[in-house]
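# Examination of the molecular architecture
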2 protein chains.
Amino acid sequence: MPALESWNDGVARKAIVEFVELTVDDGVPVEERVAVFDNDGTLWCEKPMPFQLDFILRRLTEMASADPALRDRQPWKSAYERDHGWFGRLLDEHYAGDDTNVRTFAGGVLAAYRGMSVDDFETRSDEFLRSALHPTLGRPYLQCVYAPMIELLGYLEDNGFTNYIASGGGRDFMRPISQEVYGIPRERVIGSASTLEYVADGDGGTVRHVAKADYLDDGPQKPVRIWSRIGRRPVLAAGNSNGDIPMLDFSQRADRPHLRLLVLHDDAEREFSYTRGSEDALLRAEACGWTTVSMRSDWARVF
Amino acid sequence: MPALESWNDGVARKAIVEFVELTVDDGVPVEERVAVFDNDGTLWCEKPMPFQLDFILRRLTEMASADPALRDRQPWKSAYERDHGWFGRLLDEHYAGDDTNVRTFAGGVLAAYRGMSVDDFETRSDEFLRSALHPTLGRPYLQCVYAPMIELLGYLEDNGFTNYIASGGGRDFMRPISQEVYGIPRERVIGSASTLEYVADGDGGTVRHVAKADYLDDGPQKPVRIWSRIGRRPVLAAGNSNGDIPMLDFSQRADRPHLRLLVLHDDAEREFSYTRGSEDALLRAEACGWTTVSMRSDWARVF
């Protein structure tokens, strides 16, 4: 019996178990048993805002506290004044085709970590994730991880799979906790990145942030980054939003059993209920035979 | 006794064994036993030209054979006419500060793989590496790998290390043979890359080459790429040229036993003898206590 205690009997659980058993029975080589998981909204919560946005707002507030001149400039102004509406509107404006404030925000984020070493960044991320509380669920962020997905990661690993995170979130933001929380070591975290540079100092040198975007690991970049990092086409992909469509597409295999999972947030009581940003993915799930995972029906517990 | 039969007793062998034993005795956690290896000139030959340059010249010749108009344009003209001197001069010109022809060549390389899927590219690379002969050593390319380094990779792996290739050569060029030749799986090959894009087709889609450079994994990019891929500072780095200096620098650790190896090509009889492009690295080896590996004195056999 697979260790999927938090999964109710149903289509999703059945699809997972059948896929894993077929993979093992077919003798798919262990090195090809590659599974990729989106993070925000797939392995942990993303509402009311992604954890990393909270992390960034705190950094912007810290900067504005230290430098009053920043308090009149966006995005520091809204962060300092806790005007979270300004950040919420970014996405509306983006959907409406206006990225003016998105660019203002992105410029602030890049400035926020300019010159910071990857080690300092990691210390900050690690401390934040281990101490901050989710704003509405009343529990620490690291306890906002979905228990059924943790069980799935373990079940896959027990069957010779290698799990990767392929997230739109920051790679270096997730790395300090990925092993402990997901059993996924830091070298298997794929995510967005800023441009880095190496500065020698005669004593091992430092890798540090340059105020320049590198890539956003979302949409069609996900298969590109998965290929770049792993060099293989996955047999399992799990996501929850439109940005995961290409990754789920890419995991379609003519030659191997394969499984595409789409987590549906339909549980207002235990988590959140929303489909915004997932409309296209839900249509694709129906059209392409992806397996939809209903949080409400398929999960006996969420956390 | 370590399985380093092709290594003569000497400073280099002693330094390797002492480092590995110290790492194990100190109980350095297995996940931190990360070793990174340059490829061209460190794990396999790079003279009279890198294997991948031969691969590219054949592709340029193939294009010029199919399209006569290309035969009047560089770099196709020199490839088609087998004027290897033109390619040799690129490096001289580069050192003299003139990159005009380097850019012409780079433009040709990007055009040579424009629109090609990573799968097709890999098939070509795989076939080339398994069939082509080294132009002067009279042996297949895949037998131009240094036997002592293969033993070193195995010795490290036997002691809980994880080996990575961190090469200036193309990542996707090396991947099809890395497991078989080095015991290093494709996901642990770090190297230069061109820009890739994902094209959906309703049937799994394709990752393919865009005619745009991404990054050259050389010099200060090496630590950046090592961090990006692994998220750790290595404890062992091996290289042979000036482009490896930052990678070797980056592997200096105050907190862990560490080892930096610099392969010196001083064996005109069995391989090649040259220091060009390694002058600074040799000076740094002396100044920083890196371990120089003399092919002539330290290796009982080369291949």
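It should be noted that the structure appears before, not after, this text.
Nothing here was measured: the structure is a model prediction, and the numbers come from that model.

## Details of the overall build of chain A
The helix and strand inventory of chain A stands at 12 helices and 8 strands. Taken against the 2.2 N^0.38 rule, which gives 19 Å for 303 residues, the C-alpha radius of gyration of chain A at 20 Å falls within 12% of a compact globule. In terms of overall dimensions, chain A has C-alpha extents of about 65 × 50 × 35 Å along its principal axes. Residues classed as buried in chain A amount to 56% of the 303 residues present. Across chain A, contacts joining residues at least 24 apart in sequence account for 67% of those joining residues at least 6 apart. For chain A, the exposed surface amounts to about 12,600 Å²; the carbon and sulfur share of it is 49%. Distance between charge centres in chain A, computed from 35 positive and 49 negative side chains, equals 3 Å.

## What to know about the packing of helix H6 (residues 118-131) of chain B against helix H8 (residues 171-182) of chain B
Residues and elements named next belong to chain B. At their nearest, the axes of H6 and H8 sit 8 Å apart, and the two run at 55 degrees to each other. Considered as vectors, H6 and H8 are oriented oblique to each other. The two elements H6 and H8 cross, and the hand of that crossing is right-handed. Counted together, Val118, Phe121, Glu122, Ser125, Asp126, Phe128, Leu129 and Arg130 of H6 and Asp172, Phe173, Pro176, Ile177 and Glu180 of H8 form the full contact between these two elements.

## Points about the pairing of strand E6 (residues 259-266) of chain A
All names here are of chain A. Of all 8 residues that make up E6, 8 are buried, and the element is covered over most of its length. Burial along E6 is two-sided: Leu259, Leu261, Val263 and His265 facing one way and Arg260, Leu262, Leu264 and Asp266 facing the other are all buried. Taken together, the 4 bridges between strand E5 (residues 236-239) and E6 define a ladder with parallel strand orientation. Counterpart to Gly239 in the pairing with E6 is Leu262. The sheet contact formed by E6 and strand E8 (residues 291-294) spans 4 bridges and is parallel. Residue pairing across strands places Val263 opposite Val293, the latter belonging to E8. In terms of strand pairing, E6 meets strand E7 (residues 273-274) through 2 bridges, oriented antiparallel. Within E7, the position partnered with Asp266 by the bridge is Ser273.

## Thoughts on the interface of chain B and chain A
The interface is formed by 33 residues belonging to chain B together with 33 residues belonging to chain A. Taken together, the links from chain B to chain A amount to 2 salt bridges. One can count 18 residue pairs in polar contact (both at pLDDT 80 or more) joining chain B with chain A. The element contributing the most residues to the side of chain B that touches chain A is helix H9 (residues 221-230) of chain B, with 7 residues. The residue inventory of the side of chain B that touches chain A, partitioned by class, reads 13 nonpolar, 6 polar and 14 charged.

## Topic: the relation of the copies chain B and chain A
At an RMSD of 0.0 Å, chain B and chain A line up after a rotation of 180 degrees and a shift of 0.0 Å along the axis. Here the symmetry operator amounts to a two-fold rotation axis. Using C-alpha coordinates, one finds that chain B approaches the rotation axis most closely at Arg229 of chain B, a distance of 3.6 Å. Comparing contact sets, 100% of the residues at the interface of chain B also lie at the interface in chain A, consistent with an isologous, same-surface contact.

## Things to note about the environment of Pro234 of chain B
All names here are of chain B. Relative to the elements of secondary structure, Pro234 occurs in the loop between H9 and strand E5 (236-239). For Pro234, a relative accessible area of 0% gives the class buried. Spatially, the C-alpha atoms of Pro234 and Asp99 are 33 Å apart, while their sequence positions differ by 135 residues. Excluding residues that lie within four positions of it along the chain, Pro234 makes contacts with Val34, Val36, Ile226, Phe250, Ser251 and Arg253.

## Overview of the environment of Asp255 of chain A
Residue and element names in this part refer to chain A. Note that Asp255 resides in the loop between helix H10 (245-250) and E6. Separated by 227 residues in sequence, Asp255 and Val28 place their C-alpha atoms 10.0 Å apart. A polar atom in the side chain of Asp255 sits 2.9 Å from the side chain of Arg253.

## Overview of the packing of aromatic side chains
All names here are of chain A. A full pass over the atoms with the stated rule returns 34 aromatic pairs over all chains. A centroid spacing of 5.9 Å and a plane angle of 75 degrees characterise the contact between Trp7 and Trp299, whose relative ring orientation is edge-to-face. Of this pair, Trp7 sits in the segment before helix H1 (11-25) while Trp299 sits in the segment after helix H12 (295-298), and the two are 292 residues apart along the sequence. Since its relative accessible area comes to 1%, Trp299 is described here as buried. Judged by centre distance (6.2 Å) and plane angle (40 degrees), the ring pair of Phe128 and Phe173 falls under tilted.

## Comments concerning the side chain of Arg186 of chain A
Residue placement: Arg186 of chain A occurs in the loop between helix H8 (171-182) and strand E3 (189-199). Taking the relative accessible area as the measure of exposure, Arg186 of chain A reaches 12% and is therefore buried. For Arg186 of chain A, the residues in contact, after removing those within four places along its chain, are Glu122, Arg175, Pro176 and Ser178 of chain A together with Trp227, Ile230, Gly231 and Arg232 of chain B.

## Digging into the pairing of strand E6 (residues 259-266) of chain B
Each parallel crossover has a hand, and the one from E5 of chain B via helix H10 (residues 245-250) of chain B to E6 of chain B is right-handed. In this structure, the hairpin formed by E6 of chain B and strand E7 (residues 273-274) of chain B is closed by a connection of 6 residues.

## With respect to the packing of H1 of chain A against helix H7 (residues 147-158) of chain A
Residue and element names in this part refer to chain A. Two numbers describe how H1 lies on H7: the axes approach to 11 Å, and their chain directions differ by 15 degrees. Classified by the angle their axes make, H1 and H7 are roughly parallel. In this structure, H1 meets H7 at a crossing whose hand is right-handed. Here H1 contributes Ile16, Val17, Val20 and Glu21 to the contact with H7, which in turn contributes Leu152, Tyr155 and Leu156.

## Section: unusual backbone geometry
That bond from Lys47 of chain B to Pro48 of chain B is cis: its omega, 0 degrees, falls within 30 degrees of zero. Along the chain, Pro48 of chain B turns up in the loop between strand E1 (34-37) and helix H2 (51-66). The residue after Gln74 of chain B, namely Pro75 of chain B, is reached through a cis peptide bond having omega 5 degrees. Mapped onto the elements of the fold, Pro75 of chain B is located in the loop between H2 and helix H3 (76-80). The backbone of Arg82 of chain A sits at a positive phi, close to 55 degrees, despite the residue not being glycine. By the element assignment, Arg82 of chain A lies in the loop between helix H3 (76-80) and helix H4 (84-95).

Reading guide: rules and limits
Residues numbered from 1 in each chain as written. Chains lettered and ligands numbered in written order. Predicted model: local features only at pLDDT ≥ 70, side-chain atom pairs only at ≥ 80, totals over all residues. Heavy atoms only, no water. Helix = DSSP H or I, 4+ residues; strand = E, 2+ residues; numbered from the N terminus. Rg over C-alpha atoms; globule rule 2.2 N^0.38 Å. Buried < 20%, exposed > 50% of the residue type's maximum accessible area, 1.4 Å probe, protein only. Contact = heavy atoms within 4.5 Å. Areas by Shrake-Rupley, 256 points an atom, 1.4 Å probe, with all protein chains shown as cover. Lys, Arg positive; Asp, Glu negative; His and termini not counted. Charge placed at Lys NZ, Arg CZ, Asp CG, Glu CD. Axes fitted to C-alpha atoms, helices over the stretch in contact; angles between N-to-C directions. Parallel < 35°, antiparallel > 145°, perpendicular 65-115°, else oblique. Left-handed = near helix turned anticlockwise from the far one by under 90°. Pairing = 2+ DSSP bridges. Salt bridge = Lys/Arg side-chain N within 4 Å of Asp/Glu carboxyl O. Polar contact = N/O pair within 3.5 Å; in protein donor to acceptor, adjacent residues only side chain to side chain. Nonpolar A, V, L, I, M, F, W, Y, C, P; charged D, E, K, R; others polar. Least-squares fit on C-alpha atoms with pLDDT ≥ 70 in both. Phe/Tyr/Trp six-rings, centres within 6.5 Å; stacked < 30°, edge-to-face > 60°. Right-handed = clockwise from strand over helix to strand, strands pointing away.

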